[in-house]
Amino acid sequence: NMPVAVVSKETSQGKILIPSQEAREKGVVAGLSYLSALGLVPELRVATVSQADINDGKATVMKRLHNFYPKVQADTGDTGTFWLRASGLRHLYASLHRWGDNIRTDLCQIGFKAVIVIGFTRFGTFALARKQRSKTIVLEDPKEEVAMARSVLLQDLGLPRQIIQELTKLGMYTLEELLHLPAEG
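Residues numbered from 1 in each chain as written. Predicted model: local features only at pLDDT ≥ 70, side-chain atom pairs only at ≥ 80, totals over all residues. Heavy atoms only, no water.

### Digging into the overall build of the protein
- For the protein, the count of helices and strands is 8 helices and 7 strands.
- Taking 2.2 N^0.38 as the reference for a compact globule, 185 residues should give roughly 16 Å; the C-alpha atoms of the protein span a radius of gyration of 18 Å, in line with that estimate.
- Seen through its principal axes, the protein has C-alpha atoms that stretch 50 × 45 × 25 Å.
- Of all 185 residues assigned to the protein, the portion counted as buried reaches 37%.
- Put simply, of all contacts in the protein between residues at least 6 apart along the chain, 39% involve residues at least 24 apart.
- For the protein, the centre of its 23 positive side-chain charges and the centre of its 19 negative side-chain charges are spaced 3 Å apart. (Helix = DSSP H or I, 4+ residues; strand = E, 2+ residues; numbered from the N terminus. Rg over C-alpha atoms; globule rule 2.2 N^0.38 Å. Buried < 20%, exposed > 50% of the residue type's maximum accessible area, 1.4 Å probe, protein only. Contact = heavy atoms within 4.5 Å. Lys, Arg positive; Asp, Glu negative; His and termini not counted. Charge placed at Lys NZ, Arg CZ, Asp CG, Glu CD.)

In structure tokens:
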């Protein structure tokens, strides 16, 4: 449960590429300099990871996920996010929760930490996954997903630190508060 991150290089000028959930909870976001991140979280541990190793990890996860559903898509904007459709699975598994737990357990057995959110929209499930630790969540209806997603902290969404700081100045910390901004600006 220690805050960790992947950095571009292990120098003060290195950039945070992928912060862990523990690091994000303390304000470390992608794009932040390693030196700034250490100012926020002195106990932060970092390492460089080659693009080849990242690609190998993604390929390993994709292969495992294909055991649970034939159509798997890796999110192009977030290294650790994958999308699977849960439609039609009620006939194969006792419950969607059991299906999600089986996926999470399988990934944990090969060294990956996983959060599984089964819901209705990509954004809602993404936001809720970023808020959680290793667990499975099954949302029963779209209204429940919206209600839960509104409580997600903006800093958990991986937004650039400068944007989070500006929104904080306006008193906005959650998606709920951001959604109350007038559409016309």
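### Regarding the packing of helix α5 (residues 122-131) against helix α6 (residues 142-149)
- In the contact formed by α5 and α6, the axes pass within 9 Å of each other and the chain directions differ by 45°. With respect to α6, the axis of α5 lies oblique. In the crossing of α5 with α6, the sense of the turn from one axis to the other is left-handed. Residues Gly124, Thr125, Leu128 and Lys131 of α5 touch α6, and the partners they reach there are Glu145, Met148 and Ala149.
- Taken together, the residues of the contact of α5 with α6 sort by class into 3 nonpolar, 2 polar and 2 charged. (Axes fitted to C-alpha atoms, helices over the stretch in contact; angles between N-to-C directions. Parallel < 35°, antiparallel > 145°, perpendicular 65-115°, else oblique. Left-handed = near helix turned anticlockwise from the far one by under 90°. Nonpolar A, V, L, I, M, F, W, Y, C, P; charged D, E, K, R; others polar.)

### A look at the sheet that holds strand β2 (residues 16-19)
- Read from one edge of the open sheet, 3 strands run β2-β1-β3, paired in mixed fashion. Bordering the open sheet on either side are β2 and β3 (45-47), each of which pairs with just one other strand. Each neighbouring strand pair of the sheet contributes to a mean axis angle of 30°, computed without reference to strand direction.
- Pairing geometry for strand β1 (residues 4-7) and β3, over 3 bridges, is parallel. The partner of Val6 across the bridge, within β3, is Ala47. (Pairing = 2+ DSSP bridges.)

### A closer look at the nonpolar core
- Core analysis: the largest hydrophobic core is formed by 16 residues, its most contacted members being Leu65, Leu96, Trp99, Ile103, Leu107 and Ile118.
- Only α3 (51-66), α4 (96-109) and β6 (116-118) provide two or more residues apiece to this core.
- It is α4 that contributes the most residues to this core, 4 residues altogether.
- Those residues in contact with Ile118 that lie beyond four places of it in its chain are Ala86, Leu96, Trp99, Gly100, Thr125, Ile137, Val138 and Leu139. (Core = buried A, V, L, I, M, F, W, Y, C linked by side-chain atoms within 4.5 Å.)

### Side note on the environment of Ala129
- In this fold, Ala129 is placed in helix α5.
- Classification of Ala129 by relative accessible area gives partly exposed; the value is 23%.
- Sequence separation between Ala129 and Thr81 is 48 residues, and the spatial gap between their C-alpha atoms is 9.1 Å.
- Apart from the residues lying within four places of it in its own chain, the contact partners of Ala129 are Val115 and Val117.

### What about the pattern of salt bridges?
- Throughout the structure, instances matching the rule amount to 6 salt bridges.
- Between Lys113 and Glu22 there is a salt bridge, and its shortest N-O distance comes to 3.0 Å. Placement of the pair is Lys113 in the loop between α4 and β6 and Glu22 in helix α1 (residues 21-25), with a sequence separation of 91 residues.
- Owing to a relative accessible area of 7%, Glu22 belongs among the buried residues under this scheme.
- Put simply, Glu166 and Lys169 hold a salt bridge, and the shortest N to O gap is 3.3 Å. (Salt bridge = Lys/Arg side-chain N within 4 Å of Asp/Glu carboxyl O.)

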